[in-house]
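A structural walkthrough
Take a look at the letters that make up each chain.
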Amino acid sequence: MAIPFIDLKAQQSRIKASIDRRIAKLLEHGTYIMGPEVAELEKTLSSYVGVKHCVSCSSGTDALLMPLMAYGMGPGDVIFTTPFTFIATAEVIAILRAKTVFVDIDERTYNIDPARLEDAVKRYAANPSLGKIRGVIPVDLFGQTPDYDAIKTIADRYGLWVMEDAAQAFGASYKGKKSCSFGDVAATSFFPAKPLGCYGDGGAIFTNSDEMHKALVSIRVHGQGEDKYNNVRVGINGRLDTMQAAILLAKMEIFDEEIGLRNQVADRYSKMLQPKYVTPYVAPDCVSAWAQYSILAENRADAMAKLKAANIPSAVYYPKPLHLQDAFKELGGKKGDFPLSERIAEKIFSIPMHPYLTAEDQAMIVQALMQ
Ligand SMILES: *Cc1c(COP(=O)(O)O)cnc(C)c1O
């Protein structure tokens, strides 16, 4: 049997009884929009993360967009982020016509580099004609958080808000605290392939701020005020389906165990693949959620061809940094602007990673890579 890149079937076989029971209950009560499972999920997730409020929503992208809407971001506002991420991170800035300023990554974690962030913020702070500096969106790439203490120090110094893009890192931790608890607000995704995924699109936003929470609840339902037909601001249809909340509640029953299993899988890979490949660096104060297990090869095409010949899937996250994407050509990015992101984008590729990957399958994958 072929080895899948992500095995959602193995997971489903473990939680099938819980899913069936929850879906049956849902079909019984019939509240498909904002049913009781949505509130139950929000309570489960906020207590898991250790943050006061959780607002579930329609996708990870909307989870990033809604806080920016709450902050009132628009033309003239400057937001800093990494170019080595999924398009959605910077897309939401562009949707609101605010300005994205990219900052290159740390060579080992591939996350935004705090020292480079400070340089960029300083440059913009010294020149207000470039726009008003407002916030930073660090990304917890592949499941590992960047150095949030260092980022927070810079943000506080310059009066910036921080929004954590934890789409790939639900279940990760930094200095003993869970991802989605860093910054002023955090966004995650429940796209099926993420560490915590539903059976469709979904996302959630986390914050300790009552004011942010109130704005998000309103924006999620068309900017509603006291009731649905009293609209106090422009919002979106950003709700999570009750059905997806039910699926996520079932998955939360085994989620911590799965994070443990992912870490075992990653440890086994790293032991076997070094030193031929550059394996992921995990900072000593971090636990990764391993959304991806990504390695560097001098000759990536050759390594991926060896996997393909053995019928083993692999993928490239990400082949093109955002400053080189046509979608962002208005920003004037060009080759050479962010050399680390560009170099990593040329060498990186990801191999199968999920909690149920067996040692035997891993040995086969490694054998193909070692040829
Ligand atoms: C997946 C992802 C998103 C978007 O999530 P969707 O649920 O697909 O909208 C945003 N940021 C990052 C870093 C992601 O990996």
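Report on the accompanying structure. (Residues numbered from 1 in each chain as written. Predicted model: local features only at pLDDT ≥ 70, side-chain atom pairs only at ≥ 80, totals over all residues. Heavy atoms only, no water.)

Residues in contact with the ligand amount to 15 residues; listed here are only the nearest, G60, T61, Q168, S189 and K194. Contacts to the ligand include D165, whose side-chain N or O atom sits 2.9 Å from a nitrogen atom. One of the side-chain N or O atoms of Q168 is found 2.8 Å from an oxygen atom in the ligand. If you list the elements that add at least two residues to the shell around the ligand, you get α3 (60–70) and α4 (88–95). (Near = heavy atom within 4 Å. Polar contact = N/O pair within 3.5 Å; in protein donor to acceptor, adjacent residues only side chain to side chain. Helix = DSSP H or I, 4+ residues; strand = E, 2+ residues; numbered from the N terminus.)

Take the pattern of salt bridges next. This model, assessed by the stated rule, comprises 16 salt bridges. Of the charged contacts, one joins K16 and D20 as a salt bridge, the two residues approaching to 3.1 Å between their closest N and O atoms. Taken together, the positions of K16 and D20, both in helix α1 (residues 8–29) and 4 residues apart, correspond to about one turn of that helix. The class for K16 is partly exposed, based on a relative accessible area of 38%. Classification of D20 by relative accessible area gives partly exposed; the value is 40%. (Salt bridge = Lys/Arg side-chain N within 4 Å of Asp/Glu carboxyl O. Buried < 20%, exposed > 50% of the residue type's maximum accessible area, 1.4 Å probe, protein only.)

Turning next to the packing of helix α9 (residues 255–273) against helix α12 (residues 359–370). Angle between the axes and distance between the axes: these two values describe a pair of packed helices. Interhelical geometry of α9 versus α12 gives an angle of 30° and a closest axis separation of 10 Å. With respect to α12, the element α9 is oriented roughly parallel. Here the hand of the crossing between α9 and α12 comes out right-handed. Residues V265, R268, Y269, M272 and L273 of α9 pack against A359, Q362, A363, I365, V366, L369 and M370 of α12. Of the residues belonging to the contact of α9 with α12, the class tally is 10 nonpolar, 1 polar and 1 charged. (Axes fitted to C-alpha atoms, helices over the stretch in contact; angles between N-to-C directions. Parallel < 35°, antiparallel > 145°, perpendicular 65-115°, else oblique. Left-handed = near helix turned anticlockwise from the far one by under 90°. Contact = heavy atoms within 4.5 Å. Nonpolar A, V, L, I, M, F, W, Y, C, P; charged D, E, K, R; others polar.)

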